[in-house]
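Letter by letter, the chains look like this.
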Amino acid sequence: MEAPAGWLAELPYELTWRGIESTTVAEARALRRPAFVKPPNDKSFPARVYPDGSGLPGPDAVDDDTPVLVSDIVAFTAEYRLYLLDGEVVTGSRYAVRGALDVVRLEEDALHGEVLDFAALLFAPGVPPLPSAVVVDVGTVDGRWAVVEANAAWASGHYACDSDAALDVVLRAARPAAEVGARDARFLRPVRHVVQ
């Protein structure tokens, strides 16, 4: 399971504090301004600030219809990884401060309570739904809490998170499709069949 490709762009502005558009890489190539561009659910090309769309990979490297998120550029002061199971943070870790790796268990961080309070807003009425097992990164921008991104649990590093709790989330997110309930079926990662 993974969050929908456009989930971050659909969040209320008060949860991101930046403009975010869900589009395709072909449309993003037409950008004539600096922007942070990333594929939402894979690593098909580097997620980073591009001076404009001309620096994005061409159609020979990435299919034109590849989904991308185009975001205003912001600087996160601190960033946290949260493993979520059934709408609750089961483990977390700070992983960066001012863009530099700075790993500490969530329970040992001075902002632990604020992180949990903000994470609860991800499940408020009107917020686009998430799978029952997912990873969400959050952080501070200009003193305000904001969502960085959502990640598939089965493809996320755990930093200083509790390994057993993180594994519980990964196992739920990567269970066989036949075991996925109706609520989570819409979050199953599409499988591309390779013709040989």
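Going by the structure above, here's the rest.
Everything numeric in this text was worked out from a predicted model, so none of it was measured.

Conventions adopted
Residues numbered from 1 in each chain as written. Predicted model: local features only at pLDDT ≥ 70, side-chain atom pairs only at ≥ 80, totals over all residues. Heavy atoms only, no water. Phe/Tyr/Trp six-rings, centres within 6.5 Å; stacked < 30°, edge-to-face > 60°. Helix = DSSP H or I, 4+ residues; strand = E, 2+ residues; numbered from the N terminus. Buried < 20%, exposed > 50% of the residue type's maximum accessible area, 1.4 Å probe, protein only. Lys NZ or Arg CZ within 6 Å of the ring centre and 35° of its normal. Polar contact = N/O pair within 3.5 Å; in protein donor to acceptor, adjacent residues only side chain to side chain. Contact = heavy atoms within 4.5 Å. Pairing = 2+ DSSP bridges. Axes fitted to C-alpha atoms, helices over the stretch in contact; angles between N-to-C directions. Arc of directions from axis to C-beta. Salt bridge = Lys/Arg side-chain N within 4 Å of Asp/Glu carboxyl O.

A.B. asks: Whenever I open this one, the packing of aromatic side chains confuses me. Can you help?
C.D. replies: Given two aromatic rings, one states the distance between the centres and the angle between the planes to describe the pair. Counted by the stated rule, this structure contains five aromatic pairs. Judged by centre distance (5.7 Å) and plane angle (50 degrees), the rings of Y80 and W145 are tilted. Of this pair, Y80 sits in strand 5 (residues 78-85) while W145 is found in strand 9 (residues 144-151), placing the two residues 65 residues apart along the sequence. On the accessibility criterion, W145 (12% relative accessible area) is buried. Three or more aromatic residues joined by ring pairs make a cluster, and in this case those are Y80, F118 and W145. We note R48 situated over the ring of Y50; from NZ or CZ to the ring centre the distance is 4.0 Å.

A.B. asks: So what exactly am I meant to see when it comes to the side chain of D137 here?
C.D. replies: Counting through the fold element by element, D137 comes out in strand 8 (residues 133-141). Engagement of the side chain of D137 in a polar contact is seen with the side chain of Y95, the distance being 3.3 Å. A distance of 3.3 Å separates a polar atom in the side chain of D137 from a polar atom in the side chain of N151. Once residues lying within four places of it in the same chain are set aside, the contact partners of D137 are Y80, R81, L82, Y95, V147, V148, E149 and N151.

A.B. asks: Mind showing me how you'd approach the sheet that holds strand 1 (residues 20-24) here?
C.D. replies: Strand pairing in a sheet takes place through backbone hydrogen bonds and is either antiparallel or parallel in direction. Spatially, the four strands line up as an open sheet ordered 1-4-2-3, and their pairing is antiparallel. The strands lining the two open edges of the sheet, one partner per strand, are strand 1 and strand 3 (48-50). Strand-to-strand twist in this sheet, taken as the mean axis angle between neighbours without regard to direction, amounts to 35 degrees. As defined by bridge partners, strand 2 (residues 35-38) adjoins strand 4 (residues 67-71) across three bridges and the pair is classed as antiparallel. Looking across to strand 4, one finds that V37 is bridged to V70.

A.B. asks: Just checking my understanding: could you explain helix 4 (residues 112-120) for this structure?
C.D. replies: Residues spaced three or four apart along an α-helix point in a common direction, a consequence of the helix completing one turn every 3.6 residues. Along helix 4, the residues that are buried comprise V115, F118 and A119. On an axial view of helix 4, the arc spanned by its buried residues comes to 100 degrees, and they lie on one face. Each element contacted by the buried residues of helix 4 is listed here: helix 2 (13-16), strand 5, strand 6 (88-97), strand 8 and strand 9.

A.B. asks: Teacher, can you tell me more about the pattern of salt bridges here?
C.D. replies: Pairs can form between side chains of opposite charge whenever their charged atoms are close. Tallying each qualifying case throughout the model produces ten salt bridges. Note that D137 and R81 form a salt bridge whose closest N and O atoms lie 2.8 Å from each other. Of the two residues, D137 is situated in strand 8 and R81 in strand 5; the sequence distance between them amounts to 56 residues. Judged by relative accessible area, which is 1%, D137 ranks as buried. Among the ionic pairs, R183 bridges to D184, the shortest N-O distance being 2.8 Å. A relative accessible area of 4% means that D184 is categorised as buried.

Interpretation note: all reported values are geometric properties and have no functional meaning in isolation.
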